[in-house]
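Here is how the chains run, residue by residue.
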Amino acid sequence: MSSWGHLEERFGTERPRKLLALDGGGIRGVLSLEILAEIERKIADKTGIKRLGDYFDYIGGTSTGAIIAAGLSIGMSAAELLDFYREAGVSMFEKNALLKRLKSFYTDEPLKVRLQGIFREKNGDQASLTSERLRCLLLVVTRNLTTDSPWPISSNPFAKYNNPERKDCNRLIPLWQLVRASTAAPVFFPPEVLNWDPDDPGKSFVFVDGGLTPYNNPAFLLYRMATQPAYRLNWKTGEQNLLLVSVGTGAAAGVTDAVERNLFGNMQNLPSELMYGIQVEQDINCRTFGRCMYGSEIDRELGNLVLPAENEDNGRFFRYVRYNADLSQKGLGDLGLDDVPAAAVQKMDAVDQIENLSRVGKAVAQKEVSIEHFGPFV
């Protein structure tokens, strides 16, 4: 049997490929999902393909983006995932017992139970990265706290550490646990311990949120893992060969007045502040190496780096689209949402703002998402 297994028909022959990258950002994943729902509708109208996991060939995500990426990759729709966030959002951020809050604000048990419920095989067993439920390739970005290094883990059957003959094969780790590891934001949630080899204690590692790596926005990493020889996929580069769509969870600089914050305030805001800087840097990388078809202004010096649409081919490595929301009060005002409190929706644990985040996502989707950005890939 081919190394592709049940995906042989889809991946066994060379063709143009489509990548989808999803940022981290806690409950702000609701915002991303509204954008994804609009992308899903437009693709279905144009191509008849109803699920993003059937349209995109490789979906990667970090933290909350990992939950969404994994859900899409097993065939869930954006609407189904939105229902999951609305139903499970409050329980996912359930306060820890008072004494345990010295380690983390929230308990991981409700999220663990929810993830185990979603990522199961048809027979009830826990799914892994070898699951036949996967319709496309999946990338989950984690951070190995034990080795102090990013660990991007994918379902790519050709990757070095995905060899099924290895006892520590990445593809054998339960999918729910990989996703849980990617969402374990320090201060917010306890870390996750993953055991690669039951016979070797040295193969047990402690993992925390993938957002605390350079890949909270995993778009450029996803491009590398699809094309660089070390990962053994070797998908062709070029504006006609590769589409990369990147969806954020909203961003805004200067969430609070740092001078007025105490120790705990600084700790609580540190993850989101790191994620903001990281997502901007990775976005710039993609706009530099790819042909940017759409993206908001980065800053007043760089502008948006969008290349003229009339040029057929600019010789870039991929076609690139970036959708995201400006969560500053001005950005919300530009969307006609002056009543939405910027400081509240910027928080990663703002479960009381789910409906406002949904409104923001819908407004961004209506304003920004266009099937024309996808060019020859639809």
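Residues numbered from 1 in each chain as written. Predicted model: local features only at pLDDT ≥ 70, side-chain atom pairs only at ≥ 80, totals over all residues. Heavy atoms only, no water.

Caption draft 1: Just helix α4 (residues 64-73), in detail. The buried fraction of α4 amounts to 10 of the 10 residues, a majority that puts the element mostly inside the structure. Thr64, Gly65, Ala66, Ile67, Ile68, Ala69, Ala70, Gly71, Leu72 and Ser73 are the residues of α4 that are buried. Positive phi appears at glycine 75, one or two residues downstream of α4, with a value of about 100°. (Buried < 20%, exposed > 50% of the residue type's maximum accessible area, 1.4 Å probe, protein only. Helix = DSSP H or I, 4+ residues; strand = E, 2+ residues; numbered from the N terminus.)

Caption draft 2: Expanded view of helix α8 (residues 219-227). Within α8, eight of the nine residues are buried, which leaves it mostly tucked inside the rest of the structure. For α8, the complete set of buried residues consists of Ala219, Phe220, Leu221, Leu222, Tyr223, Met225, Ala226 and Thr227.

Caption draft 3: How the structure looks around the confidence of the model for the protein chain. Looking at the protein chain, pLDDT values average 89 and 88% of them are 70 or higher. A low-confidence stretch, residues 96-105 stays under pLDDT 50, and its non-local contacts, those more than four residues away or across chains, total 16 contacts. (pLDDT = per-residue confidence, 0-100. Contact = heavy atoms within 4.5 Å.)

Caption draft 4: How the structure looks around the pattern of salt bridges. With the rule as written, the count across this model stands at 20 salt bridges. A salt bridge links arginine 41 to glutamate 38; the nearest nitrogen and oxygen atoms lie 2.8 Å apart. Here the residue arginine 41 and the residue glutamate 38 both occupy positions in helix α2 (residues 29-47), the gap between them amounting to three residues, near one helical turn. Judged by relative accessible area, which is 45%, arginine 41 ranks as partly exposed. The salt bridge partner of aspartate 199 is lysine 167, with a shortest N-O separation of 3.5 Å. Placement of aspartate 199 in the loop between β5 (192-195) and β6 (204-209) and of lysine 167 in the loop between β4 (149-154) and α7 (175-182) is noted, with a sequence separation of 32 residues between them. Grouping residues by exposure puts aspartate 199 and lysine 167 together as exposed. The network of salt bridges with common partners includes Arg10, Arg17, Lys18 and Asp57. (Salt bridge = Lys/Arg side-chain N within 4 Å of Asp/Glu carboxyl O.)

Caption draft 5: Structural detail: the packing of aromatic side chains. Counted by the stated rule, this structure contains 19 aromatic pairs. On the basis of an interplanar angle of 80° and a centroid distance of 5.7 Å, the ring pair of phenylalanine 84 and tyrosine 85 is categorised as edge-to-face. Judged by its relative accessible area of 8%, phenylalanine 84 falls in the buried class. Look at phenylalanine 220 and phenylalanine 289: their rings are 5.4 Å apart centre to centre, the planes differ by 40°, and that puts the pair in the tilted class. Here phenylalanine 289 lies in helix α9 (residues 263-289) and phenylalanine 220 lies in helix α8, a separation of 69 residues in the sequence. According to the relative accessible area criterion, phenylalanine 220 is buried, its value standing at 11%. Following the ring pairs from residue to residue traces out a cluster consisting of Phe220, Tyr223, Phe289, Phe317, Phe318 and Tyr320. The lysine or arginine in question, arginine 17, covers the ring of tryptophan 235, its NZ or CZ lying 5.3 Å from the ring centre. (Phe/Tyr/Trp six-rings, centres within 6.5 Å; stacked < 30°, edge-to-face > 60°. Lys NZ or Arg CZ within 6 Å of the ring centre and 35° of its normal.)

Caption draft 6: Focus on unusual backbone geometry. Its identity as a non-glycine residue notwithstanding, aspartate 148 has a phi of 55°, on the positive side. Position of aspartate 148 among the secondary structure elements: in the loop between β3 (137-144) and β4. For aspartate 148, a relative accessible area of 54% gives the class exposed. Non-glycine residue asparagine 234 carries a positive phi angle of around 60°. By the secondary structure assignment, asparagine 234 is in the loop between α8 and β7 (242-247).

Caption draft 7: Looking closely at the nonpolar core. By size, the foremost hydrophobic cluster in this structure holds 75 residues, and its most contacted members are Leu36, Ile39, Val245 and Val360. No other element matches the eight residues that α2 contributes to this core. Not counting the four nearest positions on each side in its chain, valine 245 is found in contact with Leu19, Leu20, Ala21, Ile39, Phe56, Val321, Tyr323 and Phe374. Counting 25 residues, the second largest nonpolar core, distinct from the first, contains Ala21, Ala219, Tyr223 and Tyr320. (Core = buried A, V, L, I, M, F, W, Y, C linked by side-chain atoms within 4.5 Å.)

Caption draft 8: Layout of the pairing of β5. Of the two faces of β5, only one is covered, namely that formed by Glu192 and Leu194; the face formed by Val193 and Asn195 stays uncovered. As paired strands, β5 and β6 are joined by four bridges and run antiparallel to one another. Its bridge partner lying in β6, leucine 194 is registered against phenylalanine 205. (Pairing = 2+ DSSP bridges.)

Caption draft 9: Region of the structure containing the packing of α2 against α4. Contact pair α2 / α4: the axes reach a minimum separation of 9 Å and the direction vectors enclose 35°. For the pair α2 and α4, the crossing hand works out as right-handed. Residue-level contacts link Gly29, Ser32, Leu33 and Leu36 of α2 to Thr64, Ile68 and Leu72 of α4. Split by residue class, the contact of α2 with α4 holds four nonpolar, three polar and no charged. (Axes fitted to C-alpha atoms, helices over the stretch in contact; angles between N-to-C directions. Left-handed = near helix turned anticlockwise from the far one by under 90°. Nonpolar A, V, L, I, M, F, W, Y, C, P; charged D, E, K, R; others polar.)

Caption draft 10: Region of interest: the environment of asparagine 241. Checked against the element boundaries, asparagine 241 lands in the loop between α8 and β7. A relative accessible area of 26% places asparagine 241 in the partly exposed class. Each C-alpha atom of the pair asparagine 241 and lysine 18 lies 8.4 Å from the other, and the pair is 223 residues apart in sequence.

Caption draft 11: Summary view of the environment of threonine 64. Structurally, threonine 64 can be placed in helix α4. Judged by its relative accessible area of 4%, threonine 64 falls in the buried class. Taking C-alpha positions, threonine 64 is 9.0 Å from threonine 249, a pair spaced 185 residues apart along the chain. Here threonine 64 is in contact with Asp23, Gly24, Gly25, Gly26, Gly29, Tyr85, Thr183 and Thr249, once residues within four sequence places are set aside.

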